[in-house]
Amino acid sequence: MNSVGSALPSPLAAVPARRAWSRPMLLTAALVLTVIVAVQFGAVPIAAADWFNGPWSDAPKTGGAHVLWQLRLPRLGLTLAVGAALGLAGALSQALFRNPMAEPSLLGVTSGAAAAVALTLTVFAGLHAALPADARLWLLPLVGFVGALAVCFSLDRLSRWLAPGSIAALLLCGLALQAMTFAVVGLCSFIANDEQLRAINFWTLGSLAGANWIMAAVMGGALLVLGALALRVAPRLNALALGEAAAAHVGIDVERLRWLCITMVALLSALAVAWCGNIGFIGLMAPHLARQLVGADQRHVLPNAMLAGALLLVVADTFARTLAVPAEIPVGVFSALIGAPWFLFLLRGAVRRMGNA
């Protein structure tokens, strides 16, 4: 039987201290540079004076100042938080399943959240419309969390029941669950009216156009809490990479760790999907980029996967809103164009490893 643990490098492999710190600094510098470019580029040019004409200023607001403080900066803040959340969710998924191709969108987690949101917008539209506008902002992330959590637990149980340790079984279970959830989304699209259909299409393709300061603050706060929790369990994830038996032998409650990681992945995916739609492959690419930079130790992989996810999504969103000005291309299109070839490359490597086993 092929071991998924062998698909990931050992976390015990030594990583030079200089590499462990210098390469993340380069990644951080690249992110800062990308953020500066993203703020400046867009349909409306930003002047230096617009930076000083913020909400605190009594000066008349120019068009550039309004775009900067009410549209572009909140969107950039949400983009950074969502990208980091997807990178962290992907890293946790790969560490939990000990599979380098595990990722929330490939495993059906994000589509489970999207299916729950689509049901809320159509089948339970009356309940959704009866709520105050402020409550609706929190309802969609809540039902998205329930949908993502249901898929996470179903995937965990199905893959362990059908073929424990098999990469193929994990991916096939994820594809089956993804097909089921997409069928739910398709049924909701069929019965939806025009307004509901536009909302469902927004979630299907993925977009950050509806960002505001509240969304950015909530997503950022959730990311800080979950990121800190993930770093606390990183040493246990290192032990889990050696196998469940080895982890249990050193005193780790494997079942509790699995539940904790699944809950974190579901919550991160649900928050991202409920507000920004289905943005795929960021969670696949970011952990691989992090491991290339700092090795396989989860204490280094998790924070650097967050940085890499933020960088990738900022780049994708900048292209999405600038290439077709004044129109805007869904950001999920760009993430899929980059991520799908990456997935095929990883799949080819996994098949080679299984053939040599």
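About the criteria used
Residues numbered from 1 in each chain as written. Predicted model: local features only at pLDDT ≥ 70, side-chain atom pairs only at ≥ 80, totals over all residues. Heavy atoms only, no water. Helix = DSSP H or I, 4+ residues; strand = E, 2+ residues; numbered from the N terminus. Rg over C-alpha atoms; globule rule 2.2 N^0.38 Å. Phe/Tyr/Trp six-rings, centres within 6.5 Å; stacked < 30°, edge-to-face > 60°. Expected span 1.5 Å × (residues − 1). Buried < 20%, exposed > 50% of the residue type's maximum accessible area, 1.4 Å probe, protein only. Patch = residues over 30% accessible without salt bridge, like charges linked within 9 Å, V, L, I, M, F, W, Y side chains within 5 Å. Areas by Shrake-Rupley, 256 points an atom, 1.4 Å probe, with all protein chains shown as cover. Salt bridge = Lys/Arg side-chain N within 4 Å of Asp/Glu carboxyl O. pLDDT = per-residue confidence, 0-100. Contact = heavy atoms within 4.5 Å. Core = buried A, V, L, I, M, F, W, Y, C linked by side-chain atoms within 4.5 Å. 1 Å grid on protein atoms, 1.4 Å probe; cavity = no way out; pocket = protein on both sides within 12 Å on 5 of 7 lines; lining within 4 Å. Points joined across faces, edges and corners; volume = space filled by probe spheres on them. Nonpolar A, V, L, I, M, F, W, Y, C, P; charged D, E, K, R; others polar.

Asker: Please give an account of the overall build of the protein that cites residues and values.
Answerer: On a plain count of helices and strands, the protein comes out with 13 helices and zero strands. N-terminal to C-terminal, the α/β element order of the protein is α-α-α-α-α-α-α-α-α-α-α-α-α. Relative to the globule expectation of 21 Å for 357 residues, the C-alpha radius of gyration of the protein, 21 Å, shows essentially globular dimensions. The principal-axis extents of the C-alpha atoms in the protein amount to approximately 65 × 55 × 35 Å.

Asker: Report on the packing of aromatic side chains, specifying residues and quantitative values.
Answerer: Taken as a whole, this structure holds three aromatic pairs when the rule is applied. Centre to centre, the rings of phenylalanine 153 and tryptophan 259 are 4.6 Å apart; their planes meet at 50°, and the pair counts as tilted. Linking phenylalanine 153 in helix α5 (residues 133-162) with tryptophan 259 in helix α10 (residues 254-276), this pair joins segments that are 106 residues apart in sequence. The interplanar angle of 25° and the centroid separation of 6.2 Å between the aromatic rings of phenylalanine 319 and phenylalanine 334 together place this pair among those described as stacked.

Asker: Can you explain helix α12 (residues 298-322)? Please cite residues and give values.
Answerer: Spanning 25 residues, α12 covers 36 Å between terminal C-alpha atoms, matching the ideal 36 Å at 1.5 Å per step. When you tally the buried positions in α12, you get 18 out of 25 residues, the bulk of the element.

Asker: How would you summarise a nonpolar patch on the surface if you had to cite specific residues and measurements?
Answerer: Judged by side-chain polarity, Val123, Phe124, Leu127, Leu187, Phe190 and Ile191 come together as a nonpolar surface patch covering roughly 670 Å² of accessible area. Counting residues per element, the nonpolar patch draws most heavily on helix α6 (residues 167-191), which supplies three residues. Position of phenylalanine 124 among the secondary structure elements: in the loop between α3 (109-121) and α4 (125-130).

Asker: Report on the confidence of the model for the protein, specifying residues and quantitative values.
Answerer: Averaged over the protein, the pLDDT score is 82; the fraction of residues at 70 or greater is 90%. Here residues 1-6 scores under 50 on pLDDT; set against residues more than four positions off or in separate chains, the count is 12 contacts.

Asker: Now, about the nonpolar core: what can you tell me, with residues and values included?
Answerer: In terms of nonpolar packing, the biggest core is built from 103 residues, with Leu78, Leu92, Met219 and Leu237 touching the most fellow members. With 18 residues, helix α2 (residues 63-97) is the single largest residue contributor to this core. Filtering out sequence-adjacent residues up to four positions away, methionine 219 remains in contact with Leu78, Ala81, Val82, Ala85, Leu268, Leu271, Ala272 and Trp275.

Asker: Any chance you could break down empty space enclosed by the protein for me, citing the residues and the numbers?
Answerer: Counted according to the given criterion, the structure contains four cavities of 30 Å³ or more. The space that makes up the largest cavity amounts to roughly 80 Å³. Lining the largest cavity are Ala114, Val117, Ala118, Leu121, Phe182, Val185, Ile200, Trp203, Thr204 and Asn278. Breaking the lining of the largest cavity down by element, the ones donating at least two residues are α3, α6 and α7 (194-205). Looking at which element gives the most residues to the lining of the largest cavity, the answer is α3, with four residues. For the lining of the largest cavity, the residue count by class is eight nonpolar, two polar and no charged.

Asker: Tell me about the layout of surface pockets, residues and numbers included.
Answerer: In this structure, the second largest pocket spans a volume of roughly 320 Å³. Forming the walls of the second largest pocket are 15 residues, and the residues nearest its centre are Leu71, Arg72, Arg75, Arg321 and Glu328. Counting residues per element, the lining of the second largest pocket draws most heavily on α2, at four residues. Broken down by class, the residue content of the lining of the second largest pocket amounts to 10 nonpolar, one polar and four charged.

Asker: Could you give me a rundown of α10, with the residues and numbers involved?
Answerer: In this model α10 runs 33 Å from its N-terminal to its C-terminal C-alpha over 23 residues, within 8% of the 33 Å that 1.5 Å per residue would give. Within α10, 17 of the 23 residues are buried, leaving the element largely enclosed by the surrounding structure. Glycine 277 lies just past α10 and shows a positive phi near 85°.

Asker: Help me get a handle on unusual backbone geometry, residues and values and all.
Answerer: Unlike most non-glycine residues, arginine 98 shows phi in positive territory, near 50°. As for its position among the elements, arginine 98 is in the loop between α2 and α3. Non-glycine residue phenylalanine 281 carries a positive phi angle of around 75°. In this structure phenylalanine 281 comes out as buried when scored by relative accessible area, which is 15%.

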